Amino acid sequence: MRITHAAGMISALGRSALAATGELGGLALFAARSAASVKRAKRLTGRVVQATYELGVRCVPVILIVALFTGLVLGLQCYVILARFGSEAALGTLVSLTLVRELGPVLAAMLIVGQAGSALASEIGIQRNTEQITALETMAIDPLGYLVAPRLIAALVGFPILTAFFTIAGIVGGWISGSLVLTLESGVYWSAVERALQPADLRECVTKAIVFGLLTTIICAFNGYTAHRRAGLAGAQAVSASATRAVVWSSIVILVADYVITSFVV
Amino acid sequence: MKADPPLLEAHGLRLSYDGNPVLDGVNLAVARGEAVAIIGKSGAGKSVLLKCLAGVLHPDAGSLRLDGQSLADSGPQARATLHRRCSYLFQGNALFDSLSAFANVALPLEQTTDLPDHEIKRRTEDAMARLDLAGCASLFPAQLSGGQQKRLALARALVTQPDFVLFDEPTAGLDPVRRNAVFMMIAAARREFGFTAIVVTHDVPEAEVVCDRLVLLDGGRIRFDGDAAQFAVSHDPVVQAFRDGTEALARGIEALGDPTQDYHENLSR
């Protein structure tokens, strides 16, 4: 009896492992095909501009609000901690480096995924459900070139810009806390920011933004594109499950990729 | 003199889902300029056959030939050739809801040809005008009526001037008046554009009028293949069930007896 139970568990584990491997393989293939489709896609410029615009319109307000309050909180917390050691003058250094190296790219990417990534997965999922993707195939149009390629390029452009917005708004938030709410001289704060930030920090920030942008766009598009393959789900349920999966997996991948990139840089 | 090969030829198409055969050795040849109606019960494999002919689904076995050239391997190149020469009209139209009517029709030209913008505009406007959609260019599909959406889907299917068009239940869910209008639209478009048509439908009387040939699919196999006259005299019970469906229904109802009589008898007891 116990042996049968154990065999069942091992068998279930094996099935899950195989399914996960298959999914990962599918994702890798999807990523490769999407990247290759960028070269073949026709009349890409207009759709790239539209996708970048949609990314910006959807995300800029929320990015600015969250960044400002992140900076405000960071400014308050850091000021109090630094004041214990009489190092309030280092507030600009701490806030700017924290935002540029870590919080800026990671939080901006997570916000973009929540705003635009889930919308991308849902949109492509609905297009799959209503046979719009099959219609593209029957018209000899590469669905990846038409649907995913412009989003990839938009992510390449949009993620670094939105991350820059987040970082700048966050640093401004830190200044408001440190200099307007508390007692730090504005000149001290801004000169610390200027001295702290090196080109290598900016490179790290941009690299992370680009990597997060490409990875999350692929994950979100893949989940929408394969919405019809969600086991036991169909229609609207499959689309909503795909959007949820897209956000969850993108968030996990952002943190894993952040650790990997940071471990190479530090 | 050697006869021209059929425009599209399927040989021994087989396809199973979870071990259940949906297509079980389908052979079908469609000549250039012909209009073929594929009829059959729900779940008989009609739409699956159509998707195999369109290269959207890949059969487990069998071959497909286009103008005598094999598409058996169904490699990307062969599929691209097939897709360039055929158009598919979906049951639900599959229009792009975020694009205007004009953009929907122009899409295949923009994405599959190197035509200049003014030529794409001219062809798109021409296709829309021919299907009475001239005033709808800037509207989105959701703003159009059901009939206009169907015509828009047809305009998108015809704008690339395909050799053949596959219609997947174009009249599903329509009332008799609109059903006739759709068949009329197909007949008029065939006359106007001169394409070969394969129509999956349940509407046998209309298909008899509009199409040159009827193909009855039953249990994944072709049960009948002939013209309307042959269909009318066939003794095959499955064909008879389709042909005489209304009469069979009337006979069945008659056999039930008069329900009001039972009701009155029960009351008088």
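Everything numeric here is computed off the predicted structure, so don't read it as measured data.

## Examining the overall build of chain A
A tally of regular secondary structure across chain A gives eight helices and zero strands. Secondary structure of chain A in N-to-C order comes out as α-α-α-α-α-α-α-α. Across its three principal directions, the C-alpha atoms of chain A cover 65 × 60 × 30 Å. Summarising the internal contacts of chain A: among those between residues at least 6 apart in sequence, 84% fall at separations of at least 24. Carbon and sulfur atoms make up 71% of the accessible area of chain A, which totals about 13100 Å². Here chain A contributes 19 positively and 13 negatively charged side chains, and the mean placements of these two sets differ by 11 Å.

## With respect to the pairing of strand E6 (residues 86–89) of chain B
All names here are of chain B. Neither face of E6 is open: one carries Cys86 and Tyr88, the other Ser87 and Leu89, and all of them are buried. Alignment of E6 against strand E7 (residues 164–168), held across four bridges, turns out to be parallel. Bridging from a neighbouring strand, Leu89 pairs with Phe167 of E7.

## Re the packing of aromatic side chains
Evaluation of the coordinates by the stated rule reveals eight aromatic pairs over all chains. Aromatic pair A:Phe30 and A:Phe222: ring centres 5.4 Å apart, planes at 65°, arrangement edge-to-face. On the criterion of sequence distance, the pair formed by A:Phe30 in helix H1 (residues 2–40) and A:Phe222 in helix H7 (residues 199–225) is long-range, its members being 192 residues apart. Pair check on accessibility: A:Phe30 and A:Phe222 agree, each one buried. Summarising the aromatic geometry, the rings of B:Tyr88 and B:Phe90 are spaced 4.5 Å apart at their centres and angled 40° between planes, so their arrangement reads as tilted. Assigned by exposure class, B:Tyr88 and B:Phe90 land together as buried. Through successive ring pairs, a cluster of aromatic residues spans A:Phe30, A:Phe222 and A:Tyr225. A cation over an aromatic ring shows up here: A:Arg128 above the ring of A:Tyr225, its NZ or CZ 4.6 Å from the ring centre. The ring of B:Phe193 has B:Arg130 sitting right over it, with the charged end atom 4.7 Å from the ring centre.

## Section: empty space enclosed by the protein
Residues and elements named next belong to chain A. Enumeration over the complete set of coordinates arrives at two cavities of 30 Å³ or more. Its volume calculated, the largest cavity comes out at about 210 Å³. Forming the walls of the largest cavity are 17 residues, and the residues nearest its centre are Leu55, Ala116, Gly117, Leu120 and Arg151. For the lining of the largest cavity, the secondary-structure elements that each account for two or more residues are helix H2 (44–84), helix H3 (91–129), helix H5 (143–181) and H7. Looking at the lining of the largest cavity element by element, the count peaks at six residues for H3. Its residues assigned to classes, the lining of the largest cavity shows 10 nonpolar, three polar and four charged.

## Focus: the state of the cysteines
For the coordinates displayed, the defined rule picks out zero disulfides over all chains. Summary of cysteine pairing: A:Cys59 is not part of a disulfide, and the nearest cysteine sulfur, belonging to A:Cys220, is at 11 Å. In this structure B:Cys86 is a free cysteine whose sulfur lies 13 Å from that of B:Cys52, the closest cysteine sulfur available. Among the residues examined, B:Cys86 registers a relative accessible area of 2% and is labelled buried.

## Comments concerning the interface of chain A and chain B
The parts lose accessible area when they come together, and the size of an interface is often stated as this lost area. Every contact between the two is made by 16 residues of chain A and, on the other side, 24 residues of chain B. Together chain A and chain B conceal approximately 1800 Å² of surface at their shared face, both sides included; 57% is due to carbon and sulfur atoms. The largest share of the area that chain A buries against chain B comes from A:Lys42, A:Arg43 and A:Thr138, three residues that together contribute 34% of it. Applying the counting rule to chain A against chain B returns three salt bridges. We note a salt bridge from A:Arg43 to B:Asp117, for which the minimum N-O separation is 2.7 Å. Element by element, the count of residues in the side of chain A that touches chain B is highest for helix H4 (residues 132–138) of chain A, at six residues. Of the residues assigned to the side of chain A that touches chain B, the class counts are six nonpolar, five polar and five charged.

Each value, and the rule that gives it
- Starting from 1, residues in each chain are numbered consecutively following that chain's sequence as written.
- Ligands are numbered from 1 and chains lettered from A, in the order in which they are written.
- Whole-chain, interface and lining totals are the exception, using all residues; otherwise, since this is a predicted model, local features are given only for residues with pLDDT of at least 70 and side-chain atom pairs are given and counted only at 80 or more.
- Side-chain descriptors were evaluated using all non-hydrogen atoms of the structure, hydrogens and water having been removed beforehand.
- Put simply, DSSP marks the helices as runs of H or I at least four residues long and the strands as runs of E at least two long, and each gets a number from the N terminus on.
- Contacts were defined at the residue level, with two residues in contact if any of their heavy atoms lie within 4.5 Å.
- Surface accessibility in these figures is a Shrake-Rupley result with a 1.4 Å probe; residues are shielded only by whichever protein chains are displayed.
- Charge counting follows a simple rule: Lys and Arg are positive, Asp and Glu are negative, and His as well as the terminal groups are ignored.
- To locate a charge, the coordinates of NZ of Lys, CZ of Arg, CG of Asp or CD of Glu are taken.
- For each residue, the accessible area found with a 1.4 Å probe, counting protein chains only, is set against the maximum for its type, and the residue is called buried under 20%, exposed over 50%, and partly exposed in between.
- Paired strands are those between which DSSP finds at least two bridges.
- Centre distance within 6.5 Å is the pairing criterion for rings of Phe, Tyr and Trp, where only the six-membered ring of Trp is used; planes under 30 degrees apart are then read as stacked, over 60 as edge-to-face, and the remainder as tilted.
- In this scheme, Lys NZ or Arg CZ marks a charge over a ring once it lies within 6 Å of the ring centre and within 35 degrees of the ring normal.
- Using a 1 Å grid laid over the protein atoms alone, points where a 1.4 Å probe fits but cannot get out form a cavity; open sets with protein on both sides within 12 Å along at least 5 of 7 lines form a pocket; any residue with an atom within 4 Å of a point counts as lining.
- Grid points are joined across faces, edges and corners, and a volume is the space filled by probe spheres set on the points.
- Note on residue categories: nonpolar means Ala, Val, Leu, Ile, Met, Phe, Trp, Tyr, Cys or Pro, charged means Asp, Glu, Lys or Arg, and polar means any other residue, Gly included.
- The disulfide criterion used throughout: a pair of cysteine sulfur atoms within 2.5 Å.
- Once two parts are put together, the accessible area they lose, assessed with a 1.4 Å probe and summed over both, is termed the buried area.
- Each reported salt bridge corresponds to a side-chain nitrogen of Lys or Arg within 4 Å of a carboxyl oxygen of Asp or Glu.

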